[in-house]
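As a plain string of letters, each chain reads:
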Amino acid sequence: MPPCLPSQDGVWQHPFLNVFRHFKVDEWKRSSKEGDVAPVTDKTLKCTVYRIRGSVSASNYIQLPKTSTQSLGLTGRYLYVLFRPLPPKHFVIHLDVATEDSQVVRVSFSSLFKEFKSTATWLQFPFIWEAGTSRKDLAGVAPSGARWTCLQLDLKDILLLYLNRPYGHLKSVRLCASLLVKSLYTSDLSFDPAVTLAEAQRAKLPVTPVPREMAFPVPKGERWHEHYVHIRFPSVSSRASSQAAPKSHSPPETVFQGRELGLLPHQVAFSSPFLDSVSPVAQMIGPTASHQAPSVPRPLPEVGLFCERPEVRSTNGSGDHSREPSARAKVTDKHAAGNGIHTSAPESAMVPVALEDVALGEGPGRKQSSQDMALGDAVFQRRSFLPDPVLRLTGVIGFGGHSTKWALWTEDGAAVVYPCHAVIVVMYTDTRKQRFFLGHTDKVSALALDGSSSLLASAQARPPSMLRLWDFQTGGCLSLCRSPGHALCSLSFSSNGALLCGVGKDPHGRTVVVAWGTEQVRRGGEAVLLAKTHTGVDIQAFKVAFFDEARMASCGQGSVRLWRLRGGELRSCPVDLGEHRVLELSDLAFGQAQDGHTLYVCGRSGHILEIDHQSMAVRHVCRLLPTQTPGSDLSQKQTSGAGPGIPISSLSISGATCAVGSDDGYLRLWPLDFSSVLLEAEHEGQVTVVCVSPDGLRVLSATSSGHLGFLDVPSREYNVLTRSHTAPVLALATECSQGQLATVSQDHTVRVWDLATLQQLYDLRSPEETPCTIAFHPTRPALFCGFGSGAVRSFSLEAAQGLVQQHRCHRGAVTGLAVSPDGSFLFSSCSWGTLAQYCCSTAQCRVLRVTVDVVCREACPTPSALVVSRDSRLLAFVGPSKYEVTVMNTVSLEELLRVDVSALDLASSRLDSAVAICFGPVPPGHLLVSTSSNTVVVLDAESGRLVRELSGVHSVSCPSLALSRDARFLLTATDRAIKVWDYSAKARPGCQVYIGHSEPVRAVAFTPDQRQLLSVADAIFVWDILGAPESSPPGRQVPPSTCVHRPPATPSPPDTRVAPAVLEAHLGHPRPARLVSGPTMGAGFVVISGTGSAVPVGAFSTADEEGPPEESHSPAGLPQASSLPMLVKEASGAGDGPYGASGGPWGFSMGPHPRGWARARSASRAPARPSARPDCYRHFTARYKASPLVKSTSVPSVRAELLLLKAVVGYNGNGRANVAWKPDTGFFAYTCGCLVVVEDLHSGAQRHWLGHPEEISTLALSHGAQILASASGRGRTASRCQIRIWDVPGGSCRQLLSHHDTAVQALAFSPDDALLATLGDYGDCTLALWSMATYELLSSVRLPEPAHGVAFSPGDASELACVGQGAITLWLLQQRGADVRFQVHREPIPEEVGAGELTSLCYGATPLLYCGSSAGRVCVWDTRASRCLLSWEADDGEIGVLLCSGVRLVSGSNTRRLRLWAVGAVPELRRKGARARSSSVFMERELTLDGAVVSAVFHDSMDMGVAGTTAGTLWYVSWAEGTGTRLISGHRSKVNEVVFSPSASHWATCSDDGSVRVWSLASMELLIQFQVLNQSCLCLAWSPPSCGHPEEQQVAAGYSDGTLRVFSIPRIAMELKMHPHRAALTAIAFSADGQTILSGDKDGLVAVSRPRTGTTFRVLSDHRGAPISTIQSTRKEYRDLGAAGADLWLAASSDQRVSIWASDWPRGHCELLDWLSSPSPTLTEFPTHPPPSLVAFCPWDEALLVCAGLGVHPEVAFYSLRQKQVVEKIPLPFFAMSLSLSPGAHLMAIGFAGRMLRLVDCESGAVQDFAGHDDSVQLCRFAPSAQLLFSVAHGEILVWEVTGHWATEVWQRS
């Protein structure tokens, strides 16, 4: 028989087949080889084997058969692969297996794979090594002692277990490097390779010995397992389980007990009917359990599984139990369906499949002890908790699911039967009570009830369709069978229930009609398949006649057929419809007529056909028409005749009437002659089903909008039974006093339900927006809802109010919404990382604070995303990254705690991320966090200490959890299962599993009375808690319920208690604190012994710290400062002097710090009341950076440096007061990231001062211009932020100061430059004073509230001032030798000034102090009299910058205005006192800049100056000319690409702000800017010089909306706009001739377009599913590569796949040359995203590809297109984020996420690292001249000059 086709009998393949011999592999005619494949002699086997080796597995392989169009046709069940892995490389084995229906499935085994993956056409099994390795190293390259292995694969079981498909034949095999292979064998027999024929005959063993040619040689006296390995997959226990339960389609349990090799277990995603999955693992077969191989095995985590079947049995696998401890699955008892189906287990090893089946197993990661195994069921009884079950399903809110066309009356008309997704509900119409039929694992697609209401049939959707037959009275499942149809859509019983007919589709889409005999089902038998037939006609409805069970009828598109069951066959005959054969018929029903029985059929055109089933002819036709006249009588609303009819979807016949449901939303009741309408009822949506009760007095109806109700004919009343969401429910909230439930859904509705009646109370619709989150106000009838648009709306549930107000603080979808239990505050978060706080104590909710970049951007909308503690003190959420959980104070939003959950499990190789959170009861105050590793960790909410851990909670991560008020029950939910845990059990808490939802559970919650719990997914489930609430444990006081009626509470005053210390470590303990009191002072302050902290009166805690405080450290070893208790003295006297005004002045002094005091007590380090970020832009907020700084970089000496930082392009508009300029000396400095840039304004030359590890917040230049002070924020590893003191002439760092905790808000030098004042930001609230002579800390005072600015008086070095909220603070410094004394005076702002919050200040002529406010007013203070003498409105917004010199004042605000004021008359106004008026102050000039003014410095004459804005621009301002000139330009947002012109004269950048900017390469000045609003420009390309017209230079840009724009550089205009993609463009490139543009998008599509015509003529989808990261095109003659053309180009996608193409675009030719792919690495250094796939053509050899990020290790690989393999590798310390190759010398630049840039000499291997960036180096690009290198981190661009011999070499080449 030819081997290219599958064999029908397979005789030629019995008893086994040597595949290599049969296909003559040595001749390579019917097989193929690629790469390094050669025959060698193996010393162990003493025969010839084939060696396959190479660096890239995909390029070195043996393929059988030769081409993909052929087939091996091997039908043997078992495939034996005799091979040995070659260390230290990976190997891959690909098998293409065909199913019986000719579907090809690829089954792959490889040591490259990290986890099991499956799709409908691909199974990937990881191959692991068990040689004493750690768990995280199981997968990987083979160890050095790898042995010959017999891999036995049961192809039949693999397809059945993992894909539920029947095995057909083996189509092809590909064996890829690196391995040795002897041969392949197929057989239907299961051989034991360790037993020979002689041994089996001699010992009479019941095994099949291996044939001689398959046997491995074993030395005499030794055992087979000492030299070889046998892997049988799936294991023996798997097949035993599958054979024991033939009706199950769940995979059996598989276990691993190997010695060296195996398959790595991971979760498998199965299709229906599985709810969870099992891990595929392999079993090592050995002779005895006690035998040990050289490599010691370590058992992998055990898994348990039970299978779906009518009776619960044990699923223990066969074999030696001592060798397979995990195969002992214990089964619990089965509970009635009405009580809710659950399982009990000590951990989450349950894999629930059907609702009525239960099992017990061990959770992953835990070994079962021998004692537990011995105890058996007793262990289960000991670990479970009572009652059992603890939940009972008591109510379901919902209707439909798969469709809304099924709703039935019971025989007595007392109840209605309908499906709700996977649950069948019986609702009694009088009491509204429900009972349930549970067992389906997917949505119910059809229902049928027999005439006596004793037998119920149901089918579930999704193939294969499962049919269940139920005892309607008891609710038990009598029979379960798989339908011959692929999916059943209709069921119909005969009146006596003996015949059941169904209609569905087969796998090919053909209609199937099936008939079952169900008479034996009531007696314990099974349903018998009587007949099955296929038909080509459409069937929309199918009914069995009530008067003859052998007759049926069907209708559909243009056909009515009458069916008959006779002789075991179903036969049909069409009814001649005549002119009505074109009608679309939708439903039918049999009715009683005077002369017999009539069949009524309705259609979508409004026709109703009366058919005589005896004569098979149409008797009468009528048509229902819409209303003709609005004023017609009811009986004339519908008539029969011509015209457009009413689409009828359903009809039902009683004795004398016909009920009709139509698409216009009406239920109409007609007489059988259809003369006039008797009754009608209007619905909200299309009526999909009507059903008349058996007595004809009530008509049931359902609509497409989820409405179910009935019309009572005698009373003419309509009764609503249930309403439901028509899409998945996203979130829920419960209300305390009225017992209400609110839900939001993807159907754009917000619904409020009554928990007592389960009826809908309110329905709020938002057609344009999707509601995401919901929350009730706890004390008043109000509802808050967050939407996908970012809006937060407040609704009043009182009559006639509705929507109260809305807030739009968010730009992204609202992900979290929470109200404090006391009703004071509302919190919301969004997908852009923003957190908003509202005051909601009154009906009018108002915004208090909005903070950005604090919440995780990857969070999904869920009730567990944002939670408030039950005492209303703490707010918790996931953020700023998904690996951190942050706890804040609810009043001030001050961060109290941040826990890194990724580091909780130090033994794990994967980073854990937080998924959901919830607070426990206040005592003891726990925070529960569910993580991505399927674990729930319990943290102390005050300290972050890990209290306990529940591992293996679910098979996947848990997106929702809730803890009962008494902390007895923990509720977790994931996928379609709910688990209830005995949380009070401290050790190994038990759990019960409940399932019933057909879609993943989105949220779970307890009702306010704690007697029920709620779960939402496809529908809303209400569960009764059967366990009575327990009393509080000793020592724990359960807080009383907050659900009481009370009037709306007013906001309580801010808590004056001190918050806990802010901890950095996730497992740290709070520092010991004690209360310290001091003498009170006049203004309500106390002074704490230490460095002098002034805090509000109240509780205050200070901590004892070990060692000297970290205040100053110098390279020269300057002495460290320590603190002493200071003298406290009350100021006496109150007068009119400058420091004697009423209001309570006070003074205190501080002595010098003695050196060497090891244990210093510092009040400045004590935790004070946390302050929220003030609502003013004056405060610096560092941009969030996901990448930490690397610990070390190798920076070479000056002589050896090969890169010199030449220029920095950009200015940090995020800083504050970060520009310094001294016109007299010409010194000019500003900041960009963590660099201080010193620039010559005449020549443009720059110097760069490096040293700060983080973004610089502010600068200060001494008055003598000899010292510059700069301050940066605190990094992740540092405990304090840095202040650097720079020597201006020399450019070196003199001193490094460190004192402030978070960030430095402002710096100020005294007039004599002897002192430096440093002001901490709102998180630090500390004012420090430093000596510039010794760099010692002279004083440090904690402020009672955040201060916004500090300044020294220019005429008096002992006076300085601070401004803040509602007051100014004046400080008078008195110094006597080493003793420093302060006198402090705080003066509130007069109310008549109306200035609000003071945000900026500057001194004028003594003693005047100018202060700017958040309200836009400028106040003038007389510091001697301590009074405000003048104020005027200077701007519309907040004033953040004030400068004064002489008679001029400059103000800058967040309205982008810079104004010049004439204030020469102010000193005279001071002398006028109360008569002073602001009319003498006037504005001279005004300029509007491009952003809020954050920095400004002017000449003493105030004629010229420099101003910086938040747009990242520095402006030169000339008031004389009234103009502003741009000095420095930069991107404020992320830069996505840098490209160069072919002439190397210009370069261009694109950014997330939608701008494309063109710069001069010589001067680095901005020349052109193209701006597209509301879009991000993600990629950029410059046209090549070969485009025909070199002067026509163009730039092509790709945008986030899928558009492509082409800009002309000479004309400065947009020439073309195209829309070739639906998704965002991520990569773009010109072809070599410039006539074609290649663009790639986020979906993986590559479009080929012609810019001249604006058309896209080709789309390549080879990379579909992953974003395109790189496209590069080059001109090359590549005939040596096996193709012809003009262009060689490549495309790389983020899933580590690379394609190389040869194309000739003018001829429309494009050919794939090569394809590279590799598995994704398991990363621990990338917290948010995997590393990019970086690929480029090598400039010095275009037949080479340079690749990074394509392997499992951080390295750069050189791939040869000629040799089809990797020819060189360069290891890297981290995964690369960017890559660039020099077009000149053999240099390579690599950017890392650790803020490091590396330069590699590819010839010599020399490596140098360079620092300077403050974020991940996302881009690096060599200029065409190869003499410049550009590197980019976020928005900062650094330009490096290539120096040394490389630059000389490049210059000589050019």
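Scroll up to find the structure.
Residues numbered from 1 in each chain as written. Predicted model: local features only at pLDDT ≥ 70, side-chain atom pairs only at ≥ 80, totals over all residues. Heavy atoms only, no water.

(A) Highlighting the pattern of salt bridges. Within the structure shown, the criterion is met by 50 salt bridges. Across the pair Arg1459 and Glu1486 runs a salt bridge whose closest N-O atoms are separated by 3.5 Å. Separated by 27 residues along the polypeptide, Arg1459 in strand 106 (residues 1457-1462) and Glu1486 in strand 107 (residues 1482-1488) bring together distant segments of the chain. On the accessibility criterion, Glu1486 (34% relative accessible area) is partly exposed. (Salt bridge = Lys/Arg side-chain N within 4 Å of Asp/Glu carboxyl O. Helix = DSSP H or I, 4+ residues; strand = E, 2+ residues; numbered from the N terminus. Buried < 20%, exposed > 50% of the residue type's maximum accessible area, 1.4 Å probe, protein only.)

(B) Region of interest: the sheet that holds strand 103 (residues 1427-1433). Ordered by their spatial adjacency, 4 strands build an open sheet running 100-101-102-103, and the pairing between neighbours is antiparallel. What marks the edges here is a single partner per strand, and that holds for strand 100 (1398-1403) and strand 103. Each neighbouring strand pair of the sheet contributes to a mean axis angle of 25°, computed without reference to strand direction. The pairing of strand 100 with strand 101 (residues 1408-1413) spans 5 bridges and is classified as antiparallel. Looking across to strand 101, one finds that Leu1401 is bridged to Cys1411. (Pairing = 2+ DSSP bridges. Axes fitted to C-alpha atoms, helices over the stretch in contact; angles between N-to-C directions.)

(C) The side chain of Thr1670, seen in detail. One can find Thr1670 in strand 124 (residues 1668-1675). Setting aside chain neighbours within four positions, we find Thr1670 in contact with Ala1627, Leu1690, Ala1691, Ala1692, Ser1733 and Val1735. (Contact = heavy atoms within 4.5 Å.)

(D) The arrangement of the environment of His926 in detail. Structurally, His926 can be placed in strand 66 (residues 926-931). In this structure the C-alpha to C-alpha distance between His926 and Ser869, which are 57 residues apart in sequence, comes to 9.3 Å. Excluding residues within four positions of it along the chain, His926 makes contact with Cys918, Phe919, Gly920, Pro921, Val938, Leu939, Val947 and Tyr983.

(E) Layout of helix 2 (residues 155-163). A large share of helix 2 lies buried, amounting to 7 of its 9 residues. Listed in full, the buried residues belonging to helix 2 are Leu155, Asp157, Ile158, Leu159, Leu161, Tyr162 and Leu163. A positive phi of about 60° marks Asn164, the residue just after helix 2.

(F) Main features of the packing of aromatic side chains. This structure, assessed with the given rule, holds 45 aromatic pairs. Ring centres 5.3 Å apart and planes at 70° place the aromatic pair Phe91 and Phe127 in the edge-to-face group. Separated by 36 residues along the polypeptide, Phe91 in the loop between strand 6 (78-85) and strand 7 (92-99) and Phe127 in strand 10 (residues 122-129) bring together distant segments of the chain. Given the relative accessible area of 0%, Phe91 is considered buried. In this structure Phe127 comes out as buried when scored by relative accessible area, which is 0%. With centroids separated by 5.3 Å and ring planes inclined at 25°, the aromatic side chains of Trp1249 and Trp1286 adopt a geometry described as stacked. In this pair, Trp1249 is assigned in strand 87 (residues 1246-1249) and Trp1286 in strand 90 (residues 1282-1287), connecting sequence segments 37 residues apart. For the pair shown, Trp1249 and Trp1286 are each scored as buried. (Phe/Tyr/Trp six-rings, centres within 6.5 Å; stacked < 30°, edge-to-face > 60°.)

(G) Layout of the pairing of strand 54 (residues 782-787). The buried count for strand 54 comes to 6 of 6 residues, which makes it a mostly enclosed element. Here strand 54 shows no split at all, with Ala782, Phe784 and Gly786 on one side and Leu783, Cys785 and Phe787 on the other all buried. Where strand 53 (residues 771-776) lies against strand 54, 5 bridges are found, and the strand directions are antiparallel. Pairing of Pro771 across the sheet is with Phe787, part of strand 54. By the bridge criterion, 5 bridges tie strand 54 to strand 55 (residues 792-796) in an arrangement that is antiparallel. Residue Ala782 lies in a different strand from strand 55, and its bridge partner there is Ser796. Hairpin geometry of strand 54 and strand 55 is characterised by an intervening segment of 4 residues between the two adjacent antiparallel strands and by a positive phi of about 100° at Gly790.

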